[in-house]
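# Geometric and topological summary
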Amino acid sequence: MKKYFKIVVAALVVLVFCGTFVFLYMKSKPQPAVYDEFAPKVTDISKTTVITGTIEPRDEVEVKPQISGIITEIYKEAGETVKAGEVIAKVKVIPDMSQLSSAESRVRLADVNLKQAEVNHRREKQLYDRQLVSAEEYDNVRQALDQAREEKAAAVDALEVVRDGVSSSNASASSTLIRSTISGLILDIPVKVGNSVILSNTFNDGTTIATVADMSDLIFRGNIDETEVGQLLTGMDMKITIGALQNLKFDAKLEYISPKATDNNGANQFEIKAAVTVPGTNKIRSGYSANAEIVLESARGVLSVPESAIEFSGSDTYVYVVKGSGEDKTYERRKVTTGLSDGINIEIKSGLKKTEKVRGPQKVSEE
């Protein structure tokens, strides 16, 4: 019994060893290469580039005060529309002491001159009534009185402007009322009631009371690499996709290409601007990030194959044309002339017929 058991065990060991040897042999046996095959097709090919940028209003104006002072009232909020000349805020004047002192001194001096002119006029009139002086002399004295009155009124106006920011003679054009200079949408009001503001001058840009823009006239602003800028022309059509509005595309037309490059992390890039056409039903916000797609070159109705089927050798290009079928299938290496490529398909100008097939990349076994 033990003898038969040993024979069975030995037979099993030999069977396992032989099976393993046969499996490893079959596994190590080279498998025939299998390739994808493609039929050329007639299609349209476009070479495009995508530029990242932002949507901005063409005209964006910073409204600044004409006088220095403190904000006492704000009549508008960001997001509201405003018309040119409409009041946005009101400023209380904090007069400059040297200017105030000078204006007060001017008023006092004008008052002294006016009183003296009035005295001179009364005397001259009495003499004129008695026909003791000529009409010309009397007219000169009367003119001096009129000039003194005018100087007094001007001095008072100047004092009121320095002290209050507005004079009684031009209250409708008060510089204490900050008015919008254009019609549009208020993008930002960076000040609050109680903030001090200063007017724009040679040494200071002045405090911005509000930023107003015409949101019906938008542009796309972005940068393009120097390797592609040579293919752009003003007037080219673009498609704008806004990151916050993925399901919408807007038309745009290129209208500006910067003549000077800027250094962007070691790469030379050129600024471009394009006028964006936005339907009236869509509200676009200033500063939206966007992508602009531009067609640099295009070819319509051309014979093409996948670019993966092309073999590049120096300046020449080749394809492998399928010959025969089944076990008799072979591949003929043939030189072709290629054209435009969109990164997926490439144009075949000559060397290949529409009825022929070409070899693609080798299929990868899933085992």
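Preceding block: the structure.
This report concerns the structure included in the present document. As the structure is a computational prediction, the values presented were derived from the model and not from experiment.

So, on to the overall build of the protein chain. Helix and strand counts for the protein chain come out as 4 helices and 20 strands. In the protein chain, which comprises 367 residues, the proportion classed as buried is 29%.

Here we come to the sheet that holds strand 6 (residues 87-93). Spatial strand order, 7-6-4-9: 4 strands in an open sheet with antiparallel pairing. Every other strand in the sheet has two partners, leaving strand 7 (177-179) and strand 9 (196-197) as the edge strands with one partner each. Alignment of strand 4 (residues 69-74) against strand 6, held across 5 bridges, turns out to be antiparallel. Counterpart to I71 in the pairing with strand 6 is V91.

A few words on the nonpolar core. Proteins that are soluble and globular tend to have nonpolar side chains buried together. Within the largest apolar cluster, 25 residues are counted, with the highest numbers of intra-cluster contacts made by I55, F220, L232, M238, I240, I272 and I294. Going through the elements one at a time, strand 2 (41-57), strand 11 (218-225), strand 12 (237-242), strand 13 (245-264), strand 14 (267-277) and strand 15 (289-306) are the ones with two or more residues in this core. I88, A89, I178 and I186 belong to the second-largest nonpolar core, a separate cluster that totals 16 residues.

This brings us to the packing of aromatic side chains. Scanning the entire structure with this criterion turns up 0 aromatic pairs. In this structure, R359 is placed above the aromatic ring of Y320, and the distance from its NZ or CZ to the ring centre is 4.2 Å.

All right, on to the pattern of salt bridges then. Going through the model one piece at a time under the given rule, you end up with 21 salt bridges. With a shortest N-O distance of 2.6 Å, R58 and E255 are connected by a salt bridge. Separated by 197 residues along the polypeptide, R58 in the loop between strand 2 and strand 3 (60-63) and E255 in strand 13 bring together distant segments of the chain. When the shortest N-O distance is used, the salt bridge between R334 and E332 registers 3.4 Å. Classification of R334 by relative accessible area gives buried; the value is 18%. Several salt bridges converge on common partners, so that one network encompasses K323, E332, R334 and E356.

The space that makes up the largest pocket amounts to roughly 520 Å³. Taken together, 21 residues form the lining of the largest pocket, with L185, M215, S216, K283 and I284 sitting closest to its centre. Counting residues per element, the lining of the largest pocket draws most heavily on strand 8 (residues 184-188), which supplies 4 residues. A per-class count over the lining of the largest pocket returns 11 nonpolar, 7 polar and 3 charged.

Another point: the side chain of T317. Relative to the assigned elements, T317 resides in strand 17 (residues 316-323). Looking at T317, its side chain comes within polar contact range of the main-chain oxygen of V336, at 2.7 Å. The residues touching T317, leaving out its near neighbours within four places in the chain, are I310, E311, F312, R334, K335, V336, T337 and T338.

Glycine aside, negative phi is the norm for most residues, and most peptide bonds take the trans geometry. At N265, a residue that is not glycine, the phi angle is positive and equals roughly 55°. Inspection of the secondary structure assignment puts N265 in the loop between strand 13 and strand 14. Accessibility expressed as a relative area gives 80% for N265, which makes it exposed.

Pairing of strand 2 with strand 15 involves 13 bridges; the strand directions are antiparallel. The partner of V50 across the bridge, within strand 15, is E293. The pairing of strand 12 with strand 15 spans 5 bridges and is classified as antiparallel. The residue of strand 15 that forms the bridge with T241 is N291. Pairing of strand 15 with strand 19 (residues 345-350) involves 3 bridges; the strand directions are antiparallel. Bridge assignment links P306 to a residue of strand 19, and that residue is N345.

With that settled, the discussion passes to the sheet that holds strand 5 (residues 81-82). Reading across from one edge, 3-10-8-5 is the order of the 4 strands in this open sheet, with antiparallel pairing throughout. This sheet does not close on itself; its edge strands, each paired only once, are strand 3 and strand 5. Looking at chain direction, strand 8 and strand 10 (residues 210-213) are connected through 3 bridges and run antiparallel. Counterpart to I186 in the pairing with strand 10 is V212.

Turning our attention to the side chain of Q269. Summarising the element assignment, Q269 is placed in strand 14. Residue contacts for Q269: discarding those within four places in its chain leaves N223, I224, D225, K260, A261, T262 and N264.

What counts and how
Residues numbered from 1 in each chain as written. Predicted model: local features only at pLDDT ≥ 70, side-chain atom pairs only at ≥ 80, totals over all residues. Heavy atoms only, no water. Helix = DSSP H or I, 4+ residues; strand = E, 2+ residues; numbered from the N terminus. Buried < 20%, exposed > 50% of the residue type's maximum accessible area, 1.4 Å probe, protein only. Pairing = 2+ DSSP bridges. Core = buried A, V, L, I, M, F, W, Y, C linked by side-chain atoms within 4.5 Å. Phe/Tyr/Trp six-rings, centres within 6.5 Å; stacked < 30°, edge-to-face > 60°. Lys NZ or Arg CZ within 6 Å of the ring centre and 35° of its normal. Salt bridge = Lys/Arg side-chain N within 4 Å of Asp/Glu carboxyl O. 1 Å grid on protein atoms, 1.4 Å probe; cavity = no way out; pocket = protein on both sides within 12 Å on 5 of 7 lines; lining within 4 Å. Points joined across faces, edges and corners; volume = space filled by probe spheres on them. Nonpolar A, V, L, I, M, F, W, Y, C, P; charged D, E, K, R; others polar. Polar contact = N/O pair within 3.5 Å; in protein donor to acceptor, adjacent residues only side chain to side chain. Contact = heavy atoms within 4.5 Å.

No statement about biological role is implied by the geometric values presented.
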